[in-house]
Amino acid sequence: MHVMIFGCGYSGTAIAKAFMAEGMRVSGTTRSKDKAAALRGQGIDAFVFDGEVLDKELSEAMQEATHLVQSIAPRENGDPLIRLAGDRLREMMPKLQWIGYLSTVGVYGDHKGGWVTEETSCTPVSGRSKERLEAEDSWMEIGAEAHVPAAVLRLSGIYGPGRNAFCNLKRGTARRLIKKDQVFNRIRVEDIGAATRFLAERGLGGIYNVTDDLPGPPQDVIVEAARLMGVAPPPEQPFETAELTAMARSFYGENKRVSNAKLKAAGFTFSFPIYPASLAQLMQSNRWRG
């Protein structure tokens, strides 16, 4: 197995580590030479890809790849990999056996706190979620045309080592925003890696929610992290009067509880299904800083 990851950032690197733990070869792309060097230092065969040009070295690596993971967000002109390789993906990746596309639970839109599954109709609110949904459909079509299983992984709020409520508390950027009845799901980054490897190894296609078991108010996560750190949580702030960026405010415009039952029914077991135990593990292992 040779896994090619387009967009080897926070989640992409976790996916790479999950495959490399099984002794598999992993290639990955990033936007800068410095980041490429850092990835090589972790054992990833790294290539610079700016979203505009597939150079000779990257194209040659694609020829050998058996599994493709696409985690680069779509842009105004669409998914960069589809734009450059979509109609000739089978020609560019003749050994391809599986496609994984990282999407977001944002494609579901707002369901006023109700539960959503993979069968729930998608009514995305933000432009970026509409772009994700279009990319999902395109990757499923590409997979069907290439006779390769294509899996869409819809991710909830990502956290893990170096990116979590402890880091926000330490930096003084943690906020305890209160919006009545608001809930979010979240997902530990190592579970993203494990879920991707699980689907790839079994050649499973389709749509899967990759999310935890415990949707809840975002302020509760801050309070729990502060308790584990032994510090006072930040004061409560009403959402309505808080100063927020447009993007931050848009997240609160979507309220839903996301089910992971389909992925579990396929046989996957989450290592970090609830945030209190996950935060405790990050603190006890002293890995929260990254």
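Structural data are supplied above this passage.
Heads up: these notes are all about the structure in this document.

Cut-offs and rules
Residues numbered from 1 in each chain as written. Predicted model: local features only at pLDDT ≥ 70, side-chain atom pairs only at ≥ 80, totals over all residues. Heavy atoms only, no water. Helix = DSSP H or I, 4+ residues; strand = E, 2+ residues; numbered from the N terminus. Rg over C-alpha atoms; globule rule 2.2 N^0.38 Å. Buried < 20%, exposed > 50% of the residue type's maximum accessible area, 1.4 Å probe, protein only. Contact = heavy atoms within 4.5 Å. Areas by Shrake-Rupley, 256 points an atom, 1.4 Å probe, with all protein chains shown as cover. Lys, Arg positive; Asp, Glu negative; His and termini not counted. Charge placed at Lys NZ, Arg CZ, Asp CG, Glu CD. Pairing = 2+ DSSP bridges. Axes fitted to C-alpha atoms, helices over the stretch in contact; angles between N-to-C directions. Patch = residues over 30% accessible without salt bridge, like charges linked within 9 Å, V, L, I, M, F, W, Y side chains within 5 Å. Salt bridge = Lys/Arg side-chain N within 4 Å of Asp/Glu carboxyl O. Left-handed = near helix turned anticlockwise from the far one by under 90°. Nonpolar A, V, L, I, M, F, W, Y, C, P; charged D, E, K, R; others polar. Phe/Tyr/Trp six-rings, centres within 6.5 Å; stacked < 30°, edge-to-face > 60°. Lys NZ or Arg CZ within 6 Å of the ring centre and 35° of its normal. Right-handed = clockwise from strand over helix to strand, strands pointing away.

### Considering the overall build of the chain
Working step 1: Helix and strand content of the chain: twelve helices and 13 strands.
Working step 2: Relative to the 2.2 N^0.38 estimate, which gives 19 Å for 290 residues, the radius of gyration of the chain is 19 Å and therefore close to what a compact globule would have.
Working step 3: When its C-alpha atoms are laid out on the principal axes, the chain stretches across 55 × 40 × 35 Å.
Working step 4: A total of 290 residues make up the chain; the buried ones form 50% of that total.
Working step 5: Long-range contacts, defined as pairs at least 24 residues apart, comprise 78% of the intrachain contacts of the chain with a sequence gap of at least 6.
Working step 6: By element, 52% of the accessible surface of the chain is carried by carbon and sulfur atoms, the whole surface being about 13200 Å².
Working step 7: Within the chain, the 34 negative side-chain charges are centred at a point lying 6 Å from the centre of the 36 positive side-chain charges.

### Details of the side chain of T196
Working step 1: In this structure, T196 sits in helix α8 (residues 189-202).
Working step 2: Looking at T196, the relative accessible area reads 0%, which means it is buried.
Working step 3: Excluding residues within four positions of it along the chain, T196 makes contact with I15, F19, V69, W98, L102 and L153.

### Side note on the sheet that holds strand β4 (residues 67-70)
Working step 1: Pairing is parallel across the open sheet formed by seven strands, whose spatial order is β3-β2-β1-β4-β5-β7-β11. Lying at the two open borders of the sheet, with one neighbouring strand each, are β3 (45-48) and β11 (206-210). Going from strand to strand, the sheet's axes swing by 20° on average, the running direction of each strand aside.
Working step 2: Sheet topology note: the β4/strand β5 (residues 98-104) ladder contains four bridges and is parallel. Bridging from a neighbouring strand, L68 pairs with I99 of β5.
Working step 3: Against the sheet, helix α1 (residues 10-20) touches β1 (2-6), β2 (25-30), β4 and β5, its axis set at about 175° to β1.

### Side note on a negative patch on the surface
Working step 1: There is a patch of like negative charges on the surface, built from E134, D137, E141 and E145.
Working step 2: Along the chain, D137 turns up in helix α6 (residues 127-146).

### Digging into the packing of helix α9 (residues 218-229) against helix α12 (residues 275-284)
Working step 1: At a minimum axis distance of 10 Å, the contact between α9 and α12 shows a crossing angle of 35°. The handedness of the crossing between α9 and α12 is right-handed. For the pair formed by α9 and α12, the contact residues are D220, V221, E224, A225, L228 and M229 on the first element and Y275, P276, L279, A280 and M283 on the second.
Working step 2: Looking at the contact of α9 with α12 residue by residue, the class counts come to nine nonpolar, no polar and two charged.

### With respect to the packing of aromatic side chains
Working step 1: Inspection of the entire model under this criterion finds seven aromatic pairs.
Working step 2: Their ring planes at 85° and their centres at 5.3 Å tell us that F184 and Y252 sit as a pair that is edge-to-face. Of the two residues, F184 is situated in the loop between β9 (176-178) and β10 (186-188) and Y252 in the loop between α10 (246-251) and β13 (257-258); the sequence distance between them amounts to 68 residues.
Working step 3: Judged by relative accessible area, which is 11%, Y252 ranks as buried.
Working step 4: Look at F239 and Y252: their rings are 4.8 Å apart centre to centre, the planes differ by 25°, and that puts the pair in the stacked class. In this pair, F239 is assigned in the loop between β12 (236-238) and α10 and Y252 in the loop between α10 and β13, connecting sequence segments 13 residues apart.
Working step 5: Looking at R188, its charged tip hangs above the ring of F272, at a distance of 3.8 Å from the centre.

### Re the pairing of β3
Working step 1: Relative to β3, β2 is paired through four bridges, and the arrangement is parallel. Note that in β3 the partner of G28 across the bridge is A46.
Working step 2: Handedness of the β-α-β unit built from β2, helix α2 (residues 33-41) and β3 comes out right-handed.

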